[in-house]
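# Working through the structure, step by step
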Amino acid sequence: MDLGQMRRGVDMGPSVIRYAGVVERLENLGHEVEDRGDIQIGRPSKYDIKNEENLKDLDVVVNANEMLADEVIDVISEGSFPLILGGDHSIALGSLAGVAKDKENLGVIWYDAHGDLNTGETSPSGNIHGMPLSASMGIGHEALKNIGGYSPKVKPENVVIIGARSLDEGERKLIKEKGIRVYTMHEVDRLGMSRVMEEAVEHVSNGTDGVHLSLDLDALDPNDAPGVGTPVMGGPSYRETHLAMEILAESNIITSAEFVEVNPILDNKNQTAEAAVALIGSLFGEKLL
């Protein structure tokens with residue numbers, strides 16, 4: 001998927017993550033892995049660059065996420081852990097629609113430089129990859145909110161955003177209005193990643209029946225993950241993010257996960273895809289000793 005934003009190339013993200021050895025990494029940890037391949041999105045005959053609702057390529061994005069939601073539901077029905085590779089972050093619409101279907105009270109950790117809490121009314125760009133979290137909370141356009149046939153997928157009080165350092169005015173307003181727990185880089189620097197993650201784990205596991213991790217590689221500092229479409233300087237380091245994944249592994253609360261926004265065209269020798277694979281390894285229990 002690359003239609004949720006304007007930088008071509010991120011649709012190749014899943015391929016380069018595979019090339020970096022994600023399946024082998026997980027198998028070496030003792031996990032049984034079924035790679036279901038890519039969901040074929042297709043290309044629109046004409047890109048919907050501008051529309052009255054300020055939602056670029058709305059129909060194609062909705063259709064793709066409906067397919068993803070169905071796939072995730074199928075994986076869960078088999079008793080398996082859904083690990084989703086992107087693609088731009090608009091795929092979180094389908095991920096959450098599938099994951100939350102059998103949950104009464106899903107928790108979400110959103111590890112990202114951005115809040116992804118815009119709507120068509122508040123978005124400066126109209127790019128849907130900046131809207132999946134708000135839509136999943138039941139805020140925004142009806143087609144985005146109702147992917148999977150229901151809304152909302154997650155309650156604001158069950159969400160934690162970590163690593164934020166670029167928020168639009170509408171997103172800041174929504175965060176305050178809904179009381180969403182956000183650890184900006186100020187809190188990460190001041191408290192340390194260990195305390196931030198311990199507090200986040202406590203928050204999202206309080207009364208929930210599953211926790212979804214949505215990790216955007218642009219959460220990391222661009223020096224450690226250059227291959228992303230919307231880099232923001234001053235993010236958590238590669239090592240800090242490993243620690244975050246290790247703490248999540250130890251907590252044993254994560255029931256689904258996605259890693260998104262790897263763009264090989266913008267990358268340096270597949271550095272960002274390799275970082276994604278290493279972080280996935282840590283999330284799934286990899287340790288040095």
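Residues numbered from 1 in each chain as written. Predicted model: local features only at pLDDT ≥ 70, side-chain atom pairs only at ≥ 80, totals over all residues. Heavy atoms only, no water.

The following threshold applies: UniProt positions are given in the numbering used here, feature names are shortened, and annotations may be inferred rather than shown by experiment.
Per an unreviewed UniProt entry, the chain carries the name Arginase and comes from Alkalicoccus daliensis. The record held by UniProt for the chain lists under Pathway (unreviewed entry) the comment "Nitrogen metabolism; urea cycle; L-ornithine and urea from L-arginine: step 1/1." Here is the UniProt Catalytic activity (unreviewed entry) comment for the chain, exactly as written: "L-arginine + H2O = urea + L-ornithine".

## Details of the pairing of strand 3 (residues 159–164)
Going by this rule: Throughout, exposure labels follow a simple rule: accessible area from a 1.4 Å probe, protein chains only, divided by the maximum for the residue type, with under 20% read as buried, over 50% as exposed, and the rest as partly exposed. The numbering of helices and of strands both runs from the N terminus, where a helix is a DSSP run of H or I of at least 4 residues and a strand a run of E of at least 2. For two strands to pair, DSSP has to find at least two bridges joining them. With the strands pointing away from the viewer, any crossover whose connection runs clockwise from the first strand over the helix to the second is right-handed.
The buried count for strand 3 comes to 6 of 6 residues, which makes it a mostly enclosed element. By the bridge criterion, 4 bridges tie strand 2 (residues 107–111) to strand 3 in an arrangement that is parallel. The partner of tryptophan 110 across the bridge, within strand 3, is isoleucine 161. The pairing of strand 3 with strand 4 (residues 181–184) spans 4 bridges and is parallel. Among the inter-strand pairings, alanine 164 is bridged to a residue of strand 4, identified as threonine 184. One crossover worth recording links strand 3 to the parallel strand 4 by way of helix 7 (residues 169–178), and it is right-handed.

## Focus: the side chain of aspartate 2
We apply this condition: Only heavy atoms enter the contact rule, under which two residues are in contact if any of them lie within 4.5 Å.
Along the polypeptide, aspartate 2 turns up in the segment before helix 1 (13–19). With residues up to four places along the chain from it excluded, the contact list for aspartate 2 reads Arg8, Gly9, Val10, Asp11, Arg43 and Asp88.

## Considerations on the sheet that holds strand 5 (residues 211–216)
Rule in force here: Angles shown run from 0 to 180 degrees and are taken between the N-to-C directions of axes, each axis being a line fitted to C-alpha atoms and, for helices, limited to the stretch in contact.
Strand order in this open sheet of 6 strands is 1-6-5-2-3-4, and the pairing throughout is parallel. Bordering the open sheet on either side are strand 1 (83–85) and strand 4, each of which pairs with just one other strand. Pairs of neighbouring strands in the sheet enclose a mean axial angle of 10°, with direction left out of account.

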